[in-house]
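# Summary of structural features
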Amino acid sequence: MSAARRGSGVERGIRSMFDDAGVRGWLHVADLHRPSAQVTIDADEQLPMGSVYKVPVMVAFCRLADAGLIDPRRRLTLEPDERVPGPTGISVLHDAVTMSLRDMVVLMMTISDNTSADAVLQAVGPDVVDAVCRDLGMPDTHIHGGVVNTFNRLIAETGTRSLDAALAHVASNNTAVPPGVYDPAFKASSTPADMARLLRAIWTGQAASDDRCAFMRKVMRQQPWTHRLGSGFPYDDVTVYGKTGTYGALRHEAGVVELADGSAYTAVVFTQAARSDSKLPRADAVIGAAARAAVEELRGRQDT
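Our subject in this report is the structure included herewith.

Conventions and cut-offs
Residues numbered from 1 in each chain as written. Predicted model: local features only at pLDDT ≥ 70, side-chain atom pairs only at ≥ 80, totals over all residues. Heavy atoms only, no water. Salt bridge = Lys/Arg side-chain N within 4 Å of Asp/Glu carboxyl O. Helix = DSSP H or I, 4+ residues; strand = E, 2+ residues; numbered from the N terminus. Buried < 20%, exposed > 50% of the residue type's maximum accessible area, 1.4 Å probe, protein only. Expected span 1.5 Å × (residues − 1). Arc of directions from axis to C-beta. Contact = heavy atoms within 4.5 Å. Phe/Tyr/Trp six-rings, centres within 6.5 Å; stacked < 30°, edge-to-face > 60°. Polar contact = N/O pair within 3.5 Å; in protein donor to acceptor, adjacent residues only side chain to side chain. Pairing = 2+ DSSP bridges. Axes fitted to C-alpha atoms, helices over the stretch in contact; angles between N-to-C directions.

Another aspect to go through is the pattern of salt bridges. Applying the stated criterion to the full structure yields 16 salt bridges. Ionic pairing is found between R212 and D66, a salt bridge with its closest N-O pair at 3.1 Å. Of this pair, R212 sits in helix α9 (residues 210-221) while D66 sits in helix α2 (residues 54-66); the two residues are 146 residues apart in sequence, bridging distant segments of the chain. Looking at R212, the relative accessible area reads 23%, which means it is partly exposed.

What follows deals with helix α6 (residues 146-158). Within an α-helix, residues lying three or four positions from one another point in the same direction, as the helix has 3.6 residues per turn. Compared with an ideal rise of 1.5 Å per residue, which puts 13 residues at 18 Å, α6 spans 19 Å between its outermost C-alpha atoms and is within 8% of the ideal. Listed as buried for α6 are G146, V147, T150, F151, L154 and T158. One side of α6 holds all its buried residues, which, seen down the axis, span an arc of 135°. The inward-facing, buried residues of α6 contact α4 (114-124), α7 (163-171) and β7 (239-247). Remark: G159 follows α6 within two positions and exhibits a positive phi of approximately 65°.

Under the defined criterion, the tally for this structure stands at two aromatic pairs. With 5.9 Å between their ring centres and 80° between their planes, Y182 and Y247 make a pair best called edge-to-face. Placement of Y182 in the loop between α7 and β6 (189-190) and of Y247 in strand β7 is noted, with a sequence separation of 65 residues between them. Considered together, Y182 and Y247 belong to a single accessibility category, that of buried residues. Each ring, one from W203 and one from Y241, has its centre 4.9 Å from the other, and the planes form 85°; the classification is edge-to-face. With W203 in helix α8 (residues 192-203) and Y241 in strand β7, this residue pair connects regions lying 38 residues apart in the sequence. When sorted by exposure, W203 lands in the same class as Y241, which is buried.

On to the side chain of S190. Checked against the element boundaries, S190 lands in strand β6. Residue classification places S190 among the buried positions, given a relative accessible area of 0%. Within the local environment of S190, its side chain forms a polar contact with the side chain of T141, the two groups lying 2.7 Å apart. With residues up to four places along the chain from it excluded, the contact list for S190 reads E45, Q46, L47, M49, D140, T141, M195 and F270.

Another point: the sheet that holds strand β2 (residues 38-41). Taken in spatial order, the five strands make up an open sheet running β2-β1-β9-β8-β7, and their pairing is antiparallel. Here the strands that pair on one side only, and so sit at the sheet edges, are β2 and β7. This sheet shows a mean twist of 10° between the axes of neighbouring strands, independent of strand direction. Taken together, the four bridges between strand β1 (residues 23-31) and β2 define a ladder with antiparallel strand orientation. By the bridge assignment, V29 is partnered in β2 with V39. Running over the sheet, α9 touches β7 and β8 (250-258) and is turned about 70° from β7.

Read these as layout, nothing more, since geometry by itself doesn't imply function.
Given below as structure tokens:
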């Protein structure tokens, strides 16, 4: 059987996985060292990326640190009235917090702390992040002010008066979601193909200096969430690095999977669920299942 036919077969199988999980899926999985060896599904389609935007913010931060334009040890004090809504980290604390920018990067990447992410983004500058994306060959990635802008637009688009009300509106299966909610034009957005390029740049030392790239890889290894990409590779001898992103019915993860034999794969899966429930375990798990099917396909091609 030809590689083209095998590729089309695995694509059909992955699409069937998405259908069974009640989601539409977008996917880009590639051999880290041979990026032309890839499995893709609509990988150039732009979508709001939720907290996946924190990966390019981290890269821009590291590049500025390399250039001596930002001090990673610079300490910021974030007051209670500077909190950005979110379920983790500084976002849920009540008192003033003083911390270095570098440690805020760790919090925004490991537990997806929104307050840390916004503080880092303001220190770096949204325009700088977008410029870094252009430099790294990511034409379809735009930050648009990060999570704060996304939340503000969500409130406006749903016609509600608070973020809680806006999120409840989007999470309800009994109300129609305004069409602008998932429009990527004015929200932090990207494509699976762009994010795969960024991950490869981090792993091959093109995104920043060797030391900074090592820092970024370490931070992505420390993410504790295993219910998405990690669920497809539940083995002690497989290392999964990742960054999740969630926005309404959208569930994403962008990461790298390293196998025991030393092979590695960039794995980016974006999904949009048909239902708006906040808890859809099958929609989370299909991210790992789809990535694993793609990795197995690419490993099979190496053996032929």
